[in-house]
Structures are given as C-alpha cells and as structure tokens.
Amino acid sequence: MPELPEVEAARRAIAENCIGKKIIRSVVADDAKVIDGVSRADFEASLTGKTIVGAHRKGKNMWIELDSPPFPSFQFGMAGAIYVKGVAVTKYKGSAVSDTDEWPSKYSKVFIELDDGLELSFTDKRRFAKVRLLKNPATVAPISELGPDALLEPMAEDELFKALSKKKIAIKALLLDQSFISGVGNWIADEVLYQAKIHPLQSAATIPKEGCAALHKSLKEVIKQAVEVGADSSQYPSNWIFHSREKKPGKAFVDGKTIDFINAGGRTTAYVPELQKLTGDQPVKAAVKPQKKSSNKKNNDEAESEGDEIAKPKGGKKTTQSRAKKAPAKRKPDTSDDNDDDDDDEKKPATKKTSKGGNKKSTARKNSKESESDEDDGDGDGDGDEDEVKGKEEVAKKVQTGRPTRKRAK
C-alpha cells in the first residue's frame, strides 16, 4: 500500500518531468467508484488544454496544480500509482503496471498526454483509490482533515510527547490515525516502532520521555531515508524489519531475532517480542481487545481506501464490550446452539424418516434430534437403537389416547 515515500516519489516524478507542459489529450476511465463526484466528460474537458504548473502532496494524497482550477486530486488507496512513460517511477507491491504491459494500462483511471509527447497515467488495479476534481484540494476533505505531514511538518520532540500523553490508545493505532500525523501507514508504523523498541499495543500515554525521543528519532530517520531513495525498497537498510514483515510466521527474522505478528490498529503488525515489550498494567488489557476487533477492522482496511488508518478508539471499545456481553446470553440455552447448527440440514429430513427405524441415516438424525431435547445425553453416540425403541413406546402411548394407530404399525 502506498505511503508517504511512495506518494512523494510520484509527486517528484511529475514535478521533475511535467511542469510547464500543456495537456493536449486526456482519457478518464468510466469508473464512478474511483472517479469521485464528476463525470468522465467533464473531467476530461477540465484537463485538456491546461498547463501543469505544480505538483503537491500532503500525507498520502497528491494533487496536480494547473494554470487554472479545478485541479485533479489523487487519494492513492491501496494500489494507486503514478506512471510516467519512459521515466523510472517507484513500483511497489500492488501496483499493476510492468514494463511489458500495454500502455496505457487497462487499469488506468486518468491518462494524460503532454505537448512534448510525454505521457502519464494514474492506475488503480484494486479500485480503492479516489480521484477528484477540486478547486482547492488543500481546503476540502480529505486533505483539510489531515494532521501535520510527517515529512514537511514534523512535530518537535516535546510537542510529540505532550500529544502522546493525552492519548490512551495503542501507539500503533495512533500512528495510523491520519488526523494525528499524516503519511504514516502500516509498514512505516511497524518500522519506527521496531527501531524505537516500542510494543505496537503500548498505550501512547504510558510511553516515557526516553521512549518518545526514540520514536521521534526513528520516525524522522525512516521517512527521510525512504524518501531519499525514491521509495525503492531494495535500497532500504538491510537491518530494517521491512524486508521480513511479509514473511510467514516462524520464518520471519531480523538481525537473528524472531518477528511475531499480531493485530494492532486493525492491521496485521510485525514486531520483535524480544525487543518490543509491553510495560505497565494497562497495555496488557489492550493486547486482548484488538483480537476481538480484528475481524471487523479487516474489512475497513479495504473499504476505506485512505481512511483505513483513522483510529476510532472510543467507538471500537464500546463495540467490543457490547458484543462481549451479548455473546454469552445467546449461548445460555444449550438447545438453541444445537438448533442453529442442525435445523437447516437435519430437522426436516428427520421428521420424514423417524418411522424408518432400520435406516442408519434415520438413527443418526434421531440421535441428533434427541440430543436437542435431552441435555443430559449430549454425547450423541452409543445407544441409538435403545433410544429409538423407547421413543416408539412413548409414541404408542400417545396414539392410544384416540388417534389412529396406522402410523405406528410396521
């Protein structure tokens, strides 16, 4: 997923190769899920004939400044990418275009041809990106709602410490919150916490000053180094956890130490237990909660292309607690759980075949039905024939009350 360094590499590619050139042709995809709030025809008309005068970025959002508004704005989502034909731009996992693919790619959402023959394209294979046409992108959502940019507007160490002391949520979730610091995504958060030796589930408010200083330093250095190499991950230092964070559990190591994987901030998180330890009593409780929320948050990763990293600690806690209380109430009657499992496949056939005592399937269904009505006989095996005979005798008694005996006879 593109984070600050990848989006910055895209911005620089446009700034270095496209500024001062006129757009002579544009092709916008007919994809309302990605092209947000504007028709294909209107989008193309707003681009064609305009000159590119700038390229800007905040967090994981980028926009191209033209000689007159409106301007195209790109929220990269999970697989958005900028390609300039003939120009090397960083490629990352999830981007769809290779040198041997057709041009423009079938995944292109916005294609632009410039007056000198240069061509560029914004692609999105997974369709979680958002492309908008805005008069002033910096003044409207989502860009206006972002916190300070991690590269351009870094917090001072003291400022960061004061901000953390007010946040009683896991530090990983806080780093992913784009309204707190913009541009930090999953891999950057894992890297800076590993280098600062801070557990991802450690409550932000409990991090001491020396821990905050280490976090501040690692955040600055990781982003700086990634940006300097154009987000080319092959050039990242070999001792970064980045290179092993996508390996399978049990096969992931960094500097000879085992990497473990947990859910933190709703995201799969790589960390080194030997170095990153929880401290204090409060964080231990936090370590359990993300496991309950993981199934719900997992969908949010994909559903909210850029908002996937907006932390909602209060809402999340209430949801988790309410579900935890309701679950036992549903399981209290044992027969209700059995009915949930058996009704669809077993109940109707059992009603039809109970009279056929010699059939093995009938016996199995009979046992299943009896286990629902008799809580003491929960093993479901052993004396199926005896139970069936007893059941027939009980039916016989009821039949003698005046009902025809035709059904009992065999």
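In this report, the structure presented in the accompanying data block is examined. (Residues numbered from 1 in each chain as written. Predicted model: local features only at pLDDT ≥ 70, side-chain atom pairs only at ≥ 80, totals over all residues. Heavy atoms only, no water.)

## Things to note about the packing of aromatic side chains
Then step 1. The final tally for this structure, using the stated rule, is eight aromatic pairs.
Then step 2. An angle of 75 degrees between the planes, with centres 4.9 Å apart, marks the rings of Trp 187 and Phe 242 as edge-to-face. Here Trp 187, found in helix α5 (residues 186–196), pairs with Phe 242, found in the loop between α6 (209–228) and β9 (253–254); they are 55 residues apart in sequence, far enough to count as distant.
Then step 3. Relative accessible area serves as the criterion here: at 22%, Phe 242 is assigned to the partly exposed category.
Then step 4. Taking 5.1 Å as the distance between ring centres and 75 degrees as the angle between the ring planes, the aromatic pair formed by Tyr 236 and Phe 242 counts as edge-to-face.
Then step 5. By relative accessible area, Tyr 236 is classed as buried at 4%. (Phe/Tyr/Trp six-rings, centres within 6.5 Å; stacked < 30°, edge-to-face > 60°. Helix = DSSP H or I, 4+ residues; strand = E, 2+ residues; numbered from the N terminus. Buried < 20%, exposed > 50% of the residue type's maximum accessible area, 1.4 Å probe, protein only.)

## Notes on the sheet that holds strand β1 (residues 23–28)
Then step 1. Across the sheet, four strands lie side by side as β1-β6-β7-β5; this open sheet has antiparallel pairing. The sheet terminates laterally at β1 and β5 (80–84), the two strands that pair on one side only. The average angle at which neighbouring strand axes cross in this sheet is 10 degrees, direction not considered.
Then step 2. Lying over the sheet, helix α2 (residues 40–47) contacts β1 and β6 (108–114), oriented at roughly 160 degrees with respect to β1. (Pairing = 2+ DSSP bridges. Axes fitted to C-alpha atoms, helices over the stretch in contact; angles between N-to-C directions. Contact = heavy atoms within 4.5 Å.)

## Here we look at the pattern of salt bridges
Then step 1. Within the structure shown, the criterion is met by 13 salt bridges.
Then step 2. In this structure, Asp 31 and Lys 109 form a salt bridge, with 2.9 Å as the shortest nitrogen-oxygen distance. Pair noted here: Asp 31 is in the loop between β1 and α2 and Lys 109 is in strand β6, with a separation of 78 residues, a long-range link. We note that Asp 31, like Lys 109, is buried.
Then step 3. For Asp 190, the salt bridge is made with Lys 172, and the minimal N-O distance between the two is 2.8 Å. Of the two residues, Asp 190 sits in helix α5 while Lys 172 sits in helix α4 (residues 171–176), which places them 18 residues apart along the sequence. Grouping residues by exposure puts Asp 190 and Lys 172 together as buried.
Then step 4. Because the salt bridges share partners, they merge into one network encompassing Glu 8, Arg 11, Arg 12, Arg 57 and Asp 149. (Salt bridge = Lys/Arg side-chain N within 4 Å of Asp/Glu carboxyl O.)

## Describing the packing of helix α3 (residues 157–165) against α6
To describe two helices that pack against each other, one gives the angle between their axes and the distance between the axes.
Then step 1. For the pair α3 and α6, the least separation of the axes is 9 Å and the interaxial angle reads 120 degrees. If you check the angle between α3 and α6, you find them oblique. Note that α3 runs across α6; the crossing there is right-handed. For the pair α3 and α6, contact is made by Glu 157, Leu 160, Phe 161 and Leu 164 and by Lys 209, Cys 212, Ala 213, Leu 215 and His 216, respectively.
Then step 2. Classifying every residue of the contact of α3 with α6 by side-chain character gives six nonpolar, one polar and two charged. (Parallel < 35°, antiparallel > 145°, perpendicular 65-115°, else oblique. Left-handed = near helix turned anticlockwise from the far one by under 90°. Nonpolar A, V, L, I, M, F, W, Y, C, P; charged D, E, K, R; others polar.)

## Structural notes on the side chain of Ser 244
Then step 1. Looking at the element boundaries, Ser 244 is found in the loop between α6 and β9.
Then step 2. Those residues within four positions of Ser 244 in sequence are excluded, and the remaining contacts are Ala 252, Phe 253, Ile 259 and Phe 261.

## Describing the pairing of β5
Then step 1. Summarising burial for β5: five of the five residues are buried, a large majority.
Then step 2. Residues Gly 80, Ile 82 and Val 84 line one face of β5 and the alternating positions Ala 81 and Tyr 83 line the opposite face, and both faces are buried.

## Things to note about the packing of α5 against α6
Then step 1. Look at α5 against α6: their axes get within 8 Å of each other, and the N-to-C directions meet at 130 degrees. As summarised for this structure, α5 and α6 are arranged oblique, according to the angle between their axes. Judged by the twist between their axes, the crossing of α5 over α6 is right-handed. Taken together, the residues of α6 that come into contact with α5 (itself represented by Trp 187, Ile 188, Glu 191, Val 192, Leu 193, Gln 195 and Ala 196) are Ala 214, Leu 215, Ser 218, Leu 219, Val 222, Ile 223 and Ala 226.
Then step 2. By residue class, the composition of the contact of α5 with α6 is eleven nonpolar, two polar and one charged.

## Looking at the environment of Phe 242
Then step 1. Residues Phe 242 and Tyr 194, 48 residues apart in the sequence, show an inter-C-alpha distance of 9.8 Å.
Then step 2. The residues touching Phe 242, leaving out its near neighbours within four places in the chain, are Trp 187, Glu 191, Ser 233 and Tyr 236.

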